[in-house]
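# Descriptive structure summary
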Amino acid sequence: MDKKPENKASEPNTKKYFNEEEYITALVLPDGTVKPATKKENELEELIDLLTSGEREHKDAALDLLKNEGSINTLIEAITQAENKTHKAALIAACWESGLDIKGYESFFATLATDTDIFISLEAITVLDSADIADASVRQEIIAILNKTTAKHPNEAMLSDLKERLAE
């Protein structure tokens, strides 16, 4: 049986598509517009994927990277941009799990602690609870933010406990 010679010239060279300098992923929005994804957006997506993969090794690797980089700013940006509540809660949890210093972002986490999503609130409460907040004026600012919550908040008891600890 005769074999036909393969025509290698007609096959496209796909290696070039993996060159991030020439090609980058784009997001197609619901209205049909195309928005190029930046390298930073790709990195944040990878971080979210590692933290929420369900694989302990992946999560540990991401937490080690965050701890070694000391990148609280990266996490704050990722939390702010996250629209998926499960992803947002995982990113908030990464703050306390990696042991990052949240100094200067206490009010940001206090606001998250008042979120009506039970998991976002729980993780933000844990961040504040595990932080060493020595400045009395910062503690009072957090208490003032927490006092704005309604009595029907899903984590009302935990918020009250946090307020008591901060008042001590």
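Computed from a predicted structure; not experimentally measured. (Residues numbered from 1 in each chain as written. Predicted model: local features only at pLDDT ≥ 70, side-chain atom pairs only at ≥ 80, totals over all residues. Heavy atoms only, no water.)

This part is about the overall build of the protein. A tally of helices and strands in the protein yields 8 helices and 2 strands. Beginning at the N terminus, the succession of helices and strands in the protein can be written as β-β-α-α-α-α-α-α-α-α. Counting every position in the protein, which comprises 168 residues, the buried fraction comes to 32%. Accessible surface, the protein: about 11400 Å² in total, of which carbon and sulfur atoms supply 51%. (Helix = DSSP H or I, 4+ residues; strand = E, 2+ residues; numbered from the N terminus. Buried < 20%, exposed > 50% of the residue type's maximum accessible area, 1.4 Å probe, protein only. Areas by Shrake-Rupley, 256 points an atom, 1.4 Å probe, with all protein chains shown as cover.)

The next point concerns a negative patch on the surface. Taken together, the side chains of Glu-43, Glu-45, Glu-46 and Asp-49 present a region of like negative charge at the surface. Checked against the element boundaries, Glu-43 lands in helix H1 (residues 39-52). Overall, the relative accessible area of 47% leaves Glu-43 in the partly exposed class. (Patch = residues over 30% accessible without salt bridge, like charges linked within 9 Å, V, L, I, M, F, W, Y side chains within 5 Å. Salt bridge = Lys/Arg side-chain N within 4 Å of Asp/Glu carboxyl O. Lys, Arg positive; Asp, Glu negative; His and termini not counted. Charge placed at Lys NZ, Arg CZ, Asp CG, Glu CD.)

Here we come to the layout of surface pockets. By volume, the second largest pocket is sized at about 290 Å³. What lines the second largest pocket is a set of 13 residues, and nearest its centre among them are Glu-43, Leu-47, Leu-65, Leu-66 and Thr-74. Contributions of two or more residues to the lining of the second largest pocket are made by H1, helix H2 (56-69) and helix H3 (72-81). Take the lining of the second largest pocket: its biggest share by element is 6 residues, from H1. Along the lines of polarity and charge, the residues of the lining of the second largest pocket split into 6 nonpolar, 2 polar and 5 charged. (1 Å grid on protein atoms, 1.4 Å probe; cavity = no way out; pocket = protein on both sides within 12 Å on 5 of 7 lines; lining within 4 Å. Points joined across faces, edges and corners; volume = space filled by probe spheres on them. Nonpolar A, V, L, I, M, F, W, Y, C, P; charged D, E, K, R; others polar.)

With that settled, the discussion passes to the nonpolar core. The biggest cluster of nonpolar side chains holds 38 residues, and the ones touching the most others in it are Leu-75, Leu-91, Ile-92, Phe-109, Leu-128, Ile-142 and Leu-146. Mapped by element, the contributors of at least two residues to this core are H1, H2, H3, helix H4 (85-97), helix H5 (106-113), helix H6 (118-130), helix H7 (136-146) and helix H8 (156-167). (Core = buried A, V, L, I, M, F, W, Y, C linked by side-chain atoms within 4.5 Å.)

This part is about the packing of aromatic side chains. This model, assessed by the stated rule, comprises 1 aromatic pair. Their ring planes at 85° and their centres at 5.3 Å tell us that Phe-108 and Phe-109 sit as a pair that is edge-to-face. Since its relative accessible area comes to 23%, Phe-108 is described here as partly exposed. (Phe/Tyr/Trp six-rings, centres within 6.5 Å; stacked < 30°, edge-to-face > 60°.)

Before going further, it helps to examine H3. The complete set of buried residues in H3 reads Ile-72, Leu-75, Ile-76, Ala-78 and Ile-79. All buried residues of H3 lie within an arc of 165° about the axis, which places them on one face of the element. (Arc of directions from axis to C-beta.)

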